[in-house]
Amino acid sequence: MAEIRLCKLRHSYLANPESDDDYALKSVDLTWEEGLAYALLGPSGSGKTTMLNILSGLLTASEGKVLFDGRDVTALDARERNIAQVFQFPVVYETMTVGENLAFPLKTRNVPVAKIRERVGFIGEELGLTPLLNRKARGLSAEQKQRISLGRGLVREDVSAILLDEPLTVIDPAEKMALRRTLKAVQLHLGVKLIYVTHDQHEAMTLADRVVVMDNGEVVQVGSPEELFNNPAHEFVGYFIGTPGMNFISCEVDGDDLVVGQSRFALNGLSERLKAGNKDLTFGIRPEFVSLRDAGAAGTIPGSVTKVENHGDEQIVSVDIGPGRMLARVHQQVRVQVGNTVHLAPEPGAIRLFENRKRVDLPKSAFGGAS
Ligand SMILES: Nc1ncnc2c1ncn2[C@@H]1O[C@H](COP(=O)(O)OP(=O)(O)OP(=O)(O)O)[C@@H](O)[C@H]1O
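All values reported here derive from a predicted model rather than from experimental measurement. (Residues numbered from 1 in each chain as written. Predicted model: local features only at pLDDT ≥ 70, side-chain atom pairs only at ≥ 80, totals over all residues.)

The subject of this paragraph is the sheet that holds strand β2 (residues 25–32). Reading across from one edge, β2-β1-β4-β5 is the order of the four strands in this open sheet, with antiparallel pairing throughout. This sheet does not close on itself; its edge strands, each paired only once, are β2 and β5 (71–72). As judged from the five bridges shared by strand β1 (residues 4–11) and strand β4 (residues 63–68), these two strands associate in the antiparallel manner. Bridge pairing links Ile4 to Phe68 in β4. (Pairing = 2+ DSSP bridges. Helix = DSSP H or I, 4+ residues; strand = E, 2+ residues; numbered from the N terminus.)

Quick look at the structure:
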């Protein structure tokens with residue numbers, strides 16, 4: 001399986017682009033490693049499909065190169081790149097049997113009959129299609145048809161990567177989980193590079209080894225699901241990943257402290273460095289790492305509860321702390337009501353600081369208690 005590199009890639013759908021705003025993709029440099037499952041995650045219009053189509057060869061980028069194992073394939077079409085693509089709507093031949101559908105990409109490449117039989121049997125088994133091999137595709141469910149689409153890509157031993165563009169969109173909710181599990185199992189078993197486009201963070205986080213987060217035509221961060229959750233490189237990632245997303249509160253440096261709402265956090269000698277830069281600082285903490293205290297203490301921020309949302313065994317508590325709102329995700333047994341005054345205690349090791357929306361690299365011991 002090939003390593004894929006995108007070098008200085010830019011794409012505009014306009015004939016004469018003038019500013020950055022005219023580009024659907026703005027300068028992307030990215031390496032897709034062998035054998036890993038990737039999710040391409042971002043909101044609508046962020047450039048995911050554009051990137052996928054450039055990878056597959058359906059679209060030629062306005063600028064830049066696509067390299068497969070160092071070979072320049074920028075000018076080659078999808079077939080010459082050995083890329084298989086699975087779209088939102090399954091692409092199957094309705095009048096053919098499932099087995100004939102799976103065999104089709106091999107027949108058109110004149111693969112010997114015995115080999116075709118072997119590969120169709122193998123892939124049918126991998127995708128749970130064996131009992132359906134002799135059935136006509138017509139009348140099968142969308143989920144079964146999407147398995148066939150996937151199988152038509154996987155059946156070729158020389159396939160460089162399988163690109164999937166929101167493949168679960170038309171699948172019945174009850175069947176989504178099963179297909180996602182099959183995808184993950186097949187990817188692990190066959191070691192094929194999988195690139196999966198989605199705007200659903202849950203899908204991305206459960207399926208991928210690496211998530212490529214896109215916003216407004218740019219790659220904002222590439223990382224494992226854990227990295228994106230624990231160390232978002234950019235406020236957008238902190239906000240987009242997580243349910244609910246990360247809390248962001250505007251803050252400032254005063255003397256040796258970081259001031260957040262009415263609280264001061266000792267910065268352990270880092271204030272000079274932060275003062276030296278631009279002052280657009282944001283304090284970030286995930287709701288999962290905020291607990292509630294009845295009384296003020298070092299390391300807490302006072303505020304007034306404005307909303308309590310019940311989520312089964314947990315509740316999301318919304319607290320007005322003056323310069324903004326902070327959410328805490330706490331256990332159902334924590335007793336809290338709208339109007340209560342609470343003291344929010346962010347876990348010091350989980351506090352992140354952002355300067356001009358980008359995360360500041362700080363040692364874990366950066367934050368002391370509040371005073
Ligand atoms: N064929 C096209 N012609 C002109 N503009 C296009 C075309 N396809 C996409 N765009 C524009 O390029 C930008 C990126 O679109 P793209 O479809 O790549 O985003 P996306 O993240 O895949 O969004 P979605 O999740 O809605 O499919 C958008 O502003 C979109 O309007």
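We now examine the UniProt feature "domain: ABC transporter" (unreviewed entry) in the protein chain. Here, UniProt's "domain: ABC transporter" (unreviewed entry) annotation points to residues 4–241. Within residues 4–241, the helical portion is 37% and the strand portion 23%, while the C-alpha atoms at the span's ends are 26 Å from each other. (UniProt positions renumbered as here; feature names shortened; annotations may be inferred.)

Once that is clear, we can look at the sheet that holds strand β18 (residues 325–331). Ordered by their spatial adjacency, five strands build an open sheet running β15-β19-β16-β17-β18, and the pairing between neighbours is antiparallel. The sheet is open, and its two borders are formed by β15 (290–293) and β18, each paired with just one other strand. Going across the sheet, the axis of each strand differs from the next one's by a mean of 45°, ignoring polarity. Here strand β16 (residues 301–311) pairs with strand β19 (residues 341–346) via four bridges, running antiparallel. Note that in β19 the partner of Ser304 across the bridge is Thr341. (Axes fitted to C-alpha atoms, helices over the stretch in contact; angles between N-to-C directions.)

Neighbouring residues of the ligand: Tyr13, Ala24, Gly42, Ser44, Gly45, Ser46, Gly47, Lys48, Thr49, Thr50 and His199. A breakdown of the residues in the shell around the ligand according to their chemical character gives two nonpolar, eight polar and one charged. (Near = placed C-beta within 6 Å. Nonpolar A, V, L, I, M, F, W, Y, C, P; charged D, E, K, R; others polar.)

Relative to strand β14 (residues 281–285), strand β11 (residues 247–254) runs antiparallel, the two sharing five bridges. From the neighbouring strand, Ser250 faces β14, where its bridge partner is Thr282. Sheet topology note: the β11/strand β12 (residues 257–260) ladder contains three bridges and is antiparallel. Note on β12: the bridge partner recorded for Asp254 is Asp257. Counted between consecutive antiparallel strands, the loop separating β11 from β12 contains two residues, among which Gly255 sits at a positive phi close to 60°.

In the contact formed by helix α5 (residues 142–154) and helix α6 (residues 173–190), the axes pass within 11 Å of each other and the chain directions differ by 15°. By the criterion of interaxial angle, the relationship of α5 to α6 is roughly parallel. Judged by the twist between their axes, the crossing of α5 over α6 is right-handed. Along the contact surface, α5 presents Glu143, Gln146, Arg147 and Leu154, while α6 presents Glu175, Leu179, Val186 and Leu190. (Parallel < 35°, antiparallel > 145°, perpendicular 65-115°, else oblique. Left-handed = near helix turned anticlockwise from the far one by under 90°. Contact = placed C-beta atoms within 7 Å.)

Okay, the packing of helix α3 (residues 98–107) against helix α4 (residues 113–126) next. As a packed pair, α3 and α4 sit with axes 9 Å apart at the nearest point and diverge in direction by 130°. Relative to α4, the element α3 lies oblique. For the pair α3 and α4, the sense of crossing is right-handed. Taking contact as the criterion, the partners of Gly99, Leu102, Ala103, Leu106 and Lys107 in α3 are, on α4, Ile116, Arg119, Val120, Ile123 and Gly124. The residue inventory of the contact of α3 with α4, partitioned by class, reads six nonpolar, two polar and two charged.

In this section: the environment of Pro287. Summarising the element assignment, Pro287 is placed in the loop between β14 and β15. Take Pro287: there are 20 C-beta atoms within 10 Å of it, and that puts it in the buried class. Expressed as a C-alpha distance, the spacing of Pro287 and Ser318, which sit 31 residues apart in the sequence, is 9.6 Å. Those residues in contact with Pro287 that sit more than four places away from it in its chain are Pro244, Asn247, Ile316, Leu327, Ala328 and Arg329. (Buried ≥ 20, exposed ≤ 12 C-beta atoms within 10 Å, placed from the backbone.)

A few words on the domain arrangement of the protein chain. In terms of domains, the protein chain is made up of domain 1 (4–237) and domain 2 (243–366). The distance between the C-alpha centroids of domain 1 and domain 2 comes to 39 Å. In this complex, domain 1 contributes five residues to the contact, which on the side of domain 2 involves seven residues. Class assignment for the residues of the side of domain 1 that touches domain 2 results in two nonpolar, two polar and one charged. (Domains from an automatic or database assignment.)

Here we take up the confidence of the model for the protein chain. Mean pLDDT for the protein chain: 91, with 97% of residues reaching 70 or above. For this predicted complex, the interface confidence reaches an ipTM of 0.98, while the overall pTM sits at 0.90. (pLDDT = per-residue confidence, 0-100.)

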